[in-house]
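Observations on the model geometry
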Amino acid sequence: MNSPTRKSASAAAGAPARVSRRNFLKQSAGATGGLVLGFHLPLMGQQALAQGAAAATMPPEINAWVVIQPDDRVVIRIARSEMGQGTLTGLAQLVAEELECDWAKVTTEYPTPGQNLKRERVWGDFSTGGSRGIRQSHDYVRKGGAAARMALMQAAADGWKVPIAECSVSKGVITHGPSKRSTTYGKVAVAASRLPQPKDVTLKPAKDWKIAGKRIARLDTVDKTTGKQVYGMDLKLPGMLNAAMTDCPIFGGKVKSFDEAAVMKRPGVKKVVRVGDSGVAVIADTWWRAKTALDALKVEWDPGPNAKASSEAFAEVLNEALESTDAVIGNDVGNAVSAIDNAARRIEAVYSYPHQNHACMEVMNATVKWTPERCEVWAPTQNGEAALAATAEAAGLKPAQCEVYKIHLGGGFGRRGGTDYVSKAVLIAKEMPGVPIKMLWSREEDMAQGRFHPVTQCKLVAGLDDKGEIAGLHMRIAGQSILATVNPQMIRDGKDPVVFQGLNPPGPEASIGYTFPALRVDHAMRNPSVPAGFWRGVNLNQNTIYLECFIDEIAHATQQDPLALRRKLMAKSPKHLAVLNAVAVKIGYDKPAPAGVFRGIAQTMGFGSYVAAIAEVSVGKGGELTIHRIVAGTDCGNAVNPQQIEAQVEGSFVYGLSAALYQECTVKDGRIEQTNFHNYPSLKMAQMPKVETVLVPSGDFWGGVGEPTIAVAAPAVLNAIFAATGKRIRNLPLKDQLSKA
């Protein structure tokens with residue numbers, strides 16, 4: 001990136017908190033996947049990094065977010081990671097909107113977490129997960145753009161010796177109204193870089209947006225389609241070697257021994273190294289030579305305490321927990337237990353959801369160069385700061401002696417919020433100081449060493465009065481806690497708050513949307529040996545399946561239309577209801593579906609946004625499922641790029657439907673059985689339904705986009721399957737359950 005040339009002040013007032021190495025390591029390592037687990041309230045630094053004489057030749061930094069080139073090109077710095085979700089373009093739109101620059105001249109670059117630490121976290125939070133890339137940084141990045149615009153205009157006004165109020169700007173051209181003189185950002189950038197940053201910054205209302213809020217093509221599309229884009233696994237450095245590694249396939253196991261001599265004479269092999277207590281790696285001149293040598297290496301494992309673990313055993317534990325007395329309450333209204341006990345009628349069902357792998361198209365990888373004085377890492381990571389913390393810890397160095405260079409991700413989905421692969425790459429590189437080494441996992445290793453979607457079961461019990469109205473509802477979730485794996489210190493009194501996504505009381509995050517006279521949602525935590533991780537959509541996925549399918553069960557049992565029942569229950573949740581109604585209108589719910597086609601409904605709220613979907617499916621005589629069409633609605637408050645929102649909805653449906661229809665990670669003898677896409681398939685292009693997205697932006701808040709809609713795809717389809725067949729699918733994934741009907 002371009003080095004700063006001066007001290008920059010904040011575009012938003014306030015001094016940043018100073019971060020000790022201890023707290024940096026602790027907090028950064030915790031900020032993963034779908035939840036903010038460390039520091040997350042960014043404040044721009046008042047003191048920028050002092051620069052040497054060489055920096056004087058670099059283009060001027062107007063502030064931390066904006067660099068202006070002499071030829072008027074604009075470099076916008078993006079702290080969040082780009083992994084296909086479009087955050088890079090969306091954040092650039094917000095900065096450019098306030099900057100009033102020419103969008104055709106905009107480029108972007110990543111600042112590094114090392115620079116962020118040195119500059120007192122001027123760029124704020126680097127973590128990219130939980131659909132918060134835009135929703136939790138929109139304010140300060142826009143202020144960065146606005147402050148830069150104000151400084152550039154002030155520099156022009158000062159040069160002309162006129163009041164700034166007489167000046168205007170459009171597409172990077174500043175004009176003095178009375179004299180008609182004009183200049184460009186590039187010509188006043190140096191002068192602007194020397195001015196103090198304005199203290200009071202006013203942002204544009206959304207109604208005045210010209211760049212933000214528009215259907216603008218992504219900045220990274222061309223490089224990706226031409227192959228110019230370099231991903232982590234493509235990276236090449238001078239003198240680089242390659243490493244293939246394997247970890248104990250049984251979680252909790254260790255390396256007992258390995259025969260190094262058996263492979264050291266193979267062509268290209270440089271070294272065989274132990275990686276921590278549980279892994280072994282081969283370093284060679286090419287990755288294929290390293291991988292084939294690793295395959296030939298005879299490793300003896302100490303399986304540890306989980307050698308007999310199995311999915312069947314996990315399921316038994318969870319099933320027992322559905323009736324246990326040690327559950328922690330997440331949402332409690334009235335007395336649900338009493339209401340159900342005294343109800344005229346009782347309906348109950350048990351659902352289950354399996355372990356699942358992220359299965360990123362780009363497997364885990366990182367390139368590391370380590371010396372006793374410095375460690376540099378090139379990695380596709382969702383959290384550069386957490387990666388820096390992990391690098392420092394594994395390298396045995398201070399964070400100031402380390403640096404992480406972020407690379408676009410070939411898929412993240414929460415997996416790359418973790419840092420286990422970064423730590424292992426550093427440990428490998430330490431064995432050959434001064435030599436850059438790229439560690440690349442095989443697909444099989446990636447499948448075996450995931451951080452998996454948590455396994456859960458849910459028992460739902462509803463009590464109905466003599467009129468068929470819901471008197472009380474009890475949802476008992478039994479299963480795994482993600483926080484127990486990634487950040488156990490955040491569990492308070494046995495409660496993992498992430499478990500209750502989509503089932504929370506009314507509020508700004510993941511609220512339930514329905515009003516019941518009595519409600520209890522509780523969780524009996526049971527953690528198997530398989531490590532859990534944040535997986536796109538997190539717990540909102542299965543919770544929405546559980547609740548939305550059960551609401552359909554109640555509608556069927558009481559002979560009510562599924563949409564009518566939801567509308568009645570959502571009368572006090574207008575934002576939930578508005579999105580559902582918009583979807584119903586779009587699909588033409590008031591008219592019958594085509595012959596042989598059946599509909600299913602789902603809605604939820606998560607990651608700050610309200611979403612709904614209605615699916616149309618047909619099922620053949622042999623159980624062949626065809627998903628014809630899904631209409632999806634979302635209210636994310638402010639829509640930064642409608643085209644990208646539509647793409648995110650469509651992409652989330654691919655991910656969500658793949659999980660619901662096919663994907664399951666099973667454990668036998670302590671290890672994951674699935675090894676590649678032949679036994680962990682994804683939805684094929686021919687199976688993808690037509691997706692129509694309805695945007696319902698109410699404009700008074702900022703919600704996420706990448707994850708919320710994934711949660712409604714599966715339950716909408718499952719409810720449509722019931723409408724078509726009368727068969728209720730309660731255990732995911734679907735697989736061949738229809739053909740067995």
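Residues numbered from 1 in each chain as written. Predicted model: local features only at pLDDT ≥ 70, side-chain atom pairs only at ≥ 80, totals over all residues. Heavy atoms only, no water.

**Section: empty space enclosed by the protein**
Selection rule: Any residue with an atom within 4 Å of a point lines the site, the site being either a cavity, points on a 1 Å grid over the protein atoms alone where a 1.4 Å probe fits but cannot get out, or a pocket, an open set with protein on both sides within 12 Å along at least 5 of 7 lines. Grid points are joined across faces, edges and corners, and a volume is the space filled by probe spheres set on the points. Each helix is a run of DSSP H or I of at least 4 residues and each strand a run of E of at least 2, with the numbering of both proceeding from the N terminus.
Overall, the coordinates contain three cavities of 30 Å³ or more when judged by the stated rule. Taken as a whole, the largest cavity encloses approximately 60 Å³ of empty space. Around the largest cavity sit Tyr353, Trp535, Asn541, Ile545, Gly656, Ala660, Ile710, Ala711, Ala714 and Pro715, which together line it. Broken down by secondary-structure element, the contributors of at least two residues to the lining of the largest cavity are helix H15 (540-557), helix H18 (642-661) and helix H19 (710-725).

**Quick look at the packing of aromatic side chains**
What counts here: Ring pairs are drawn from Phe, Tyr and Trp, using the six-membered ring of Trp, whenever the two centres fall within 6.5 Å, and their geometry is named by plane angle: stacked under 30 degrees, edge-to-face over 60, tilted for the rest. Between buried and exposed lies partly exposed: a residue is buried under 20% and exposed over 50% of the maximum accessible area for its type, with that area taken using a 1.4 Å probe on protein chains only.
Scanning the entire structure with this criterion turns up 10 aromatic pairs. Ring geometry for Tyr351 and Tyr546: centres 6.2 Å apart, planes at 50 degrees, overall tilted. Taken together, the positions of Tyr351 in strand E14 (residues 345-353) and Tyr546 in helix H15 put the pair 195 residues apart, joining distant regions of the chain. We classify Tyr546 as buried; its relative accessible area is 0%. Aromatic pair Tyr610 and Phe701: ring centres 5.8 Å apart, planes at 80 degrees, arrangement edge-to-face. Within this pair, whereas Tyr610 is found in strand E23 (residues 609-619), its partner Phe701 is found in the loop between strand E27 (690-695) and H19, the two being separated by 91 residues in sequence. By relative accessible area, which is 10% here, Tyr610 ends up buried. With a relative accessible area of 17%, Phe701 lands in the buried category.

**Some details on the sheet that holds strand E1 (residues 61-63)**
Just so we agree on the cut-off: Only strands joined by at least two bridges in the DSSP assignment are considered to pair. Throughout, an axis means a line fitted to C-alpha atoms (over the contacting stretch in the case of helices), and angles, computed between N-to-C directions, take values from 0 to 180 degrees. Throughout, a contact is declared for two residues whenever any of their heavy atoms are within 4.5 Å.
Pairing in this open sheet of four strands is mixed, and the strands run E1-E2-E3-E4 from one edge to the other. At either end of the open sheet lies a strand with only one pairing partner, and these are E1 and strand E4 (106-109). Strand after strand, the sheet turns through a mean of 30 degrees between neighbouring axes, direction not considered. Note that E1 and strand E2 (residues 66-68) share two bridges and pair antiparallel. Looking across to E2, one finds that Glu61 is bridged to Val67. Along the sheet, helix H2 (residues 87-99) contacts E2, strand E3 (74-77) and E4; its crossing angle with E3, the most-contacted strand, is approximately 125 degrees. Relative to E1, helix H5 (residues 185-193) is tilted by about 65 degrees, and along the sheet it contacts E1 and E2.

**With respect to the packing of H18 against H19**
For clarity, the threshold we go by: The cut-offs work like this: below 35 degrees is roughly parallel, past 145 is roughly antiparallel, 65 to 115 is roughly perpendicular, and the gaps in between are oblique. Definitions for this section: a left-handed crossing has its near helix turned counterclockwise from the far helix by less than a right angle. A right-handed crossing has that turn clockwise. Residues are sorted three ways: Asp, Glu, Lys and Arg are charged, Ala, Val, Leu, Ile, Met, Phe, Trp, Tyr, Cys and Pro are nonpolar, and all the rest, Gly among them, are polar.
Interaxial distance between H18 and H19 falls to 8 Å at its minimum, and their mutual angle equals 50 degrees. Taken together, the axis directions place H18 and H19 in an arrangement best described as oblique. Classified by chirality, the crossing of H19 by H18 is right-handed. Facing Ser652, Phe653, Tyr655, Gly656, Leu657 and Ala660 of H18, the residues of H19 in contact are Ile710, Val712, Ala713, Ala714 and Val717. Residue composition of the contact of H18 with H19, grouped by class: nine nonpolar, two polar and no charged.

**A word on the packing of H15 against H19**
Taken N-terminus to C-terminus, the directions of H15 and H19 make an angle of 30 degrees; their axes are 8 Å apart at the nearest point. One finds that H15 runs roughly parallel with respect to H19. Note that H15 runs across H19; the crossing there is right-handed. Contact with H15, carried on its side by Leu540, Asn541, Thr544, Ile545, Glu548, Cys549, Asp552 and His556, involves Ile710, Ala711, Val712, Ala714, Pro715, Leu718, Asn719 and Phe722 of H19 and no other residues of that element. Across the contact of H15 with H19, the residue classes tally to 10 nonpolar, four polar and two charged.

**A few points about the nonpolar core**
Let me state the cut-off plainly: In plain words, nonpolar cores are sets of buried Ala, Val, Leu, Ile, Met, Phe, Trp, Tyr and Cys residues tied together by side-chain atoms within 4.5 Å.
Judged by nonpolar contacts, the single largest core of 81 residues is most densely connected at Met475, Phe516 and Phe653. In terms of residue count, H19 provides more of this core than any other element does, nine residues in total. Look past the residues within four positions of Met475 in its chain and what remains in contact with it is Cys458, Lys459, Leu460, Leu503, Arg520, Val521, Asp522, Tyr546 and Leu547. Formed by 47 residues, the second largest nonpolar core is a distinct cluster that contains Leu94, Tyr110, Val122 and Met153.

**Thoughts on the pattern of salt bridges**
Condition: Think of a salt bridge as a Lys or Arg side-chain nitrogen and an Asp or Glu carboxyl oxygen that are within 4 Å of each other.
Per the counting criterion, the structure on display carries 43 salt bridges. Among the salt bridges present, the one from Glu348 reaches Lys459, with a minimum N-O distance of 3.9 Å. With Glu348 in strand E14 and Lys459 in strand E19 (residues 456-464), this pair connects stretches of sequence that are 111 residues apart. When its relative accessible area of 41% is taken as the criterion, Glu348 is described as partly exposed. Two residues, Arg415 and Asp420, come together in a salt bridge whose shortest N-O distance is 2.9 Å. No difference in accessibility class separates Arg415 from Asp420, as the two residues are buried.

**Description of helix H9 (residues 311-321)**
Helical periodicity: at 3.6 residues per turn, an α-helix aligns residues three or four positions apart in one direction. Spelled out, the test is: This arc corresponds to the set of directions leading from the helix axis out to the C-beta atoms.
Taken together, the buried positions of H9 are Ser311, Phe314, Leu318 and Ala321. Looking straight down H9, one finds its buried side chains confined to an arc of 80 degrees; they lie on one side. Exposed residues on H9 whose side chains face more than 90 degrees from its buried face are Glu312, Glu316 and Glu320. Looking at the buried residues of H9, the elements they touch are E19, strand E20 (470-479), strand E21 (519-525) and strand E25 (667-668).

**Things to note about the environment of Thr286**
Looking at where Thr286 falls in the secondary structure, it is placed in the loop between strand E11 (279-284) and helix H8 (287-296). As a C-alpha pair, Thr286 and Thr371 span 85 residues in sequence and 22 Å in three-dimensional space.

**Observations concerning the environment of Lys430**
Mapped onto the secondary structure, Lys430 falls in the loop between helix H12 (420-429) and strand E18 (437-440). Spatially, the C-alpha atom of Lys430 lies 50 Å from that of Trp209, the residues being 221 residues apart in sequence.

**Overview of the confidence of the model for the chain**
The predicted structure's coordinates, where accompanied by low pLDDT, should not be read in detail. Formally: Scored from 0 to 100, pLDDT records how confident the predictor is in each individual residue.
Looking at the chain as a whole, its pLDDT mean stands at 92, while 92% of the residues score no less than 70. A low-confidence stretch, residues 25-56 (pLDDT under 50), is modelled with 104 contacts involving residues beyond four sequence positions or located in other chains.

**Some points on a negative patch on the surface**
Here is the rule we go by: Nonpolar side chains (Val, Leu, Ile, Met, Phe, Trp, Tyr) are joined into patches within 5 Å and like charges within 9 Å, using only residues with over 30% relative accessible area and no salt bridge. Accessible surface is estimated by sampling points in the Shrake-Rupley manner with a 1.4 Å probe; for residues, cover comes only from the protein chains shown. Asp and Glu are treated as the negative residues and Lys and Arg as the positive ones, with His and the ends of the chain left uncounted. Here the site of a charge means atom NZ of a Lys, CZ of an Arg, CG of an Asp or CD of a Glu.
A cluster of like negative charges, contributed by Glu312, Glu316, Glu320, Asp669 and Glu673, occupies part of the molecular surface. Classification of Glu312 by relative accessible area gives exposed; the value is 54%.

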